[in-house]
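Take a look at the letters that make up each chain.
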Amino acid sequence: MHSRLYKPTLIWLQGVTCNGNTHSFLNLPYLPQLLERFEVLYHPLLPCTQSLAEIARCKRGCNVLVFEGAFDPEMERAGTTLKQLVGHYAGEAGHIIAAGSCASFGGIFKASAPERNSGLAFSGEHPDGPLRGRVGKVINLSGCPVHPEWLGYALMSIADGRPVAVDDLGRPTALYRHMAHDGCLRNEYFEWKVDVEQFGRKEGCLFYEHGCRGPLTHASCNRTLWNGVSSKMRVGTPCFGCTEPDFPRRNLFETKTNMSIPEEVPVGVSKRAYLTMTGIAKSFKIKRLEERLIDDD
Amino acid sequence: MSKAERKENIISTALKLFAEKGFYVTTIPDIAAKVGMSVGNFYNYFSSKDILAKELILYISEYLGKHIREINEGEGSAKDKIRAIVTFYFTMATERPEMIEYFLRIYLSNREVFGESCEGMVCVSPFITEMMIFFDDGVAGGELRDQDFFSAFGLFMGYLGGMVFLFGEKILPEPLSHYEASIAENIYRALKTV
């Protein structure tokens, strides 16, 4: 554990981005306490000790580099290319965090310009980013945007000197080992194959016909709720699978089927076993699950 | 004879008797006598006729499922697999007609016997699951047209069941094997992409 007196220096750089991850980070309930643990040299919105122009001169390094947005080698910040900036600061930093799906895997900007944009270490699921030689060292906090609590977890771990174990795609296992399906309040509807009637309803599962990626997506959105209160599925919207390297997919509100059979089934389950289970489950009509939870609307 | 073999013997004997005489006319003493065991001993294997009835449909479903799974996991196009499924089904209907007879005449016409324990797909899921895998693979591979599962399933199995029924009624002028190629072709044309 580090002494509380030790303050790692932190630089937050932006690539091709919508600022979504920065805005998400601003919603972290304990942001002031977290920032106390770092010496923020540069962040585009938060108080910091240096300007972008100073950072762009690449005169000194930092302990922690947070990168937001897709990497485009030719894009410039204050006259310096991202290639130079990332090359310099990633080389110096002891810890590198890719904040959000664009920085992790390329995300929506890679989808629109795959020849230019990538994540820091990965491009999609392939280690083809500029920091591909540092796979395992780059902590990928995928998500569109990254959950503020996940970023808080990673930064606090670094401040405390605790190692952050990551999976093959560089995502912290403590946050991404479970599926978004875990903790979903609709799990009983999933088990008995009762689909939702319309978006926004509290009853029914969104997996069978509405494109929900919860059982296929590594994320803890239903364990650590957004703003402490909710998640997509809780308000009746399917999970879009935004933490996976293949995000964004097309037709987010549709479940791809072949002759009414889902093309993809929950992670870790064989299609044969899944079809057997669901075929049997669907044989049962459970009146309780067919009814509205509240009848007065 | 091991206990498993004796159980298999009861199953195949019961299937034949049910198919020949009907479910209600056939009694447990009839089955026990034909197998060559006492009625008391029979109850060590199946505790009631209804339970035996359910075990039989599971047995047939697993038999069908096992063979179609081998076809699904084998090499070949969806067209080849349709032909293989048709051949397997007609061979079974020819060599072990009691299996299909039981399914068509007992299971489908005496649902009160099977009750809630065989509701929906519960007793036939090994077979239906393999047909789902077949259709899913065929569509994913671009060879079969994407359509409603039951429309495709009803076309495929209804056709085969109808032919076996005609065969059982001795209406068909030729043995079932004579029709394999043309039936497989018809099914393929109905299911393939345009």
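Placed above this text is the structure.
Fair warning: this is a prediction, and the values are worked out from it, not measured in the lab. (Residues numbered from 1 in each chain as written. Chains lettered and ligands numbered in written order. Predicted model: local features only at pLDDT ≥ 70, side-chain atom pairs only at ≥ 80, totals over all residues. Heavy atoms only, no water.)

Visitor: Please clarify how the packing of helix 4 (residues 49-73) of chain B against helix 6 (residues 97-107) of chain B should be interpreted in this entry.
Guide: Residue and element names in this part refer to chain B. Packing of helix 4 against helix 6 leaves a shortest axis separation of 10 Å and a crossing angle of 130°. Regarding the angle of helix 4 to helix 6, the classification is oblique. Handedness of the helix 4/helix 6 crossing: left-handed. Note on element contacts: helix 6 touches helix 4 through Met-99, Tyr-102, Phe-103 and Tyr-107, opposite Ala-53, Leu-56, Ile-57, Tyr-59, Ile-60 and Tyr-63. Looking at the contact of helix 4 with helix 6 residue by residue, the classes come out as ten nonpolar, no polar and no charged. (Axes fitted to C-alpha atoms, helices over the stretch in contact; angles between N-to-C directions. Helix = DSSP H or I, 4+ residues; strand = E, 2+ residues; numbered from the N terminus. Parallel < 35°, antiparallel > 145°, perpendicular 65-115°, else oblique. Left-handed = near helix turned anticlockwise from the far one by under 90°. Contact = heavy atoms within 4.5 Å. Nonpolar A, V, L, I, M, F, W, Y, C, P; charged D, E, K, R; others polar.)

Visitor: Any chance you could explain the nonpolar core here in plain terms?
Guide: In this structure, Leu-155 of chain A together with Tyr-102, Phe-135 and Phe-156 of chain B are the most contacted members of the largest nonpolar core, which totals 118 residues. Apart from the residues lying within four places of it in its own chain, the contact partners of Leu-155 of chain A are Leu-10, Phe-25, Leu-34, Phe-38, Val-64, Val-66 and Ile-97 of chain A. Grouped together as the second largest cluster of nonpolar side chains are 26 residues, Leu-82, Ala-90, Ala-121 and Leu-131 of chain A included. (Core = buried A, V, L, I, M, F, W, Y, C linked by side-chain atoms within 4.5 Å. Buried < 20%, exposed > 50% of the residue type's maximum accessible area, 1.4 Å probe, protein only.)

Visitor: Explanation requested: the sheet that holds strand 3 (residues 64-68) of chain A in the structure shown.
Guide: In any sheet, the strands associate via hydrogen bonds between backbone groups, in a parallel or an antiparallel arrangement. Residues and elements named next belong to chain A. Taken in spatial order, the five strands of this open sheet run 2-1-3-6-7, and their pairing is parallel. Of all strands in the sheet, those bounded by a partner on one side alone are strand 2 (39-42) and strand 7 (138-141). Each adjacent strand pair in this sheet contributes to an overall mean axis angle of 25°, direction not counted. Its contacts with the sheet put helix 7 (residues 148-160) on strand 1 (9-14), strand 3, strand 6 (95-99) and strand 7, and the angle it makes with strand 6 is roughly 175°. (Pairing = 2+ DSSP bridges.)

Visitor: So what exactly am I meant to see when it comes to the pattern of salt bridges here?
Guide: When the charged atoms of two side chains with opposite charge come close together, those side chains can pair. Considering all chains together, one arrives at 26 salt bridges over all chains under this definition. One salt bridge connects Glu-291 of chain A with Lys-287 of chain A, and the closest N-O pair in it is separated by 2.7 Å. Note that Arg-83 of chain B is salt-bridged to Glu-180 of chain B, the shortest N-O span being 3.6 Å. Residue Arg-83 of chain B is found in helix 5 (residues 78-95), and its partner Glu-180 of chain B is found in helix 10 (residues 180-191); the two are separated by 97 residues along the sequence. Owing to a relative accessible area of 36%, Arg-83 of chain B belongs among the partly exposed residues under this scheme. (Salt bridge = Lys/Arg side-chain N within 4 Å of Asp/Glu carboxyl O.)

Visitor: Just to check I follow, could you spell out the layout of surface pockets for this structure?
Guide: Rolling a probe over the atoms, with the probe sized like a water molecule, indicates the empty space that remains. Space inside the largest pocket adds up to approximately 480 Å³. Lys-193, Ser-260, Ile-261 and Lys-282 of chain A together with Met-132 of chain B are the residues nearest the centre of the largest pocket, which is lined by 19 residues in total. Looking at the lining of the largest pocket, the elements with two or more residues in it are strand 9 (261-262) and helix 10 (271-283) of chain A together with helix 9 (149-168) of chain B. Here the lining of the largest pocket gets five residues from one element, more than from any other, and that element is helix 10 of chain A. Of the residues assigned to the lining of the largest pocket, the class counts are nine nonpolar, five polar and five charged. In this structure, the second largest pocket spans a volume of roughly 340 Å³. Mapped by element, the contributors of at least two residues to the lining of the second largest pocket are helix 4, helix 6, helix 8 (125-140) and helix 9 of chain B. Among the elements that take part in the lining of the second largest pocket, helix 9 of chain B stands out by supplying six residues, more than any other. When grouped by side-chain class, the residues that make up the lining of the second largest pocket number 15 nonpolar, four polar and one charged. (1 Å grid on protein atoms, 1.4 Å probe; cavity = no way out; pocket = protein on both sides within 12 Å on 5 of 7 lines; lining within 4 Å. Points joined across faces, edges and corners; volume = space filled by probe spheres on them.)

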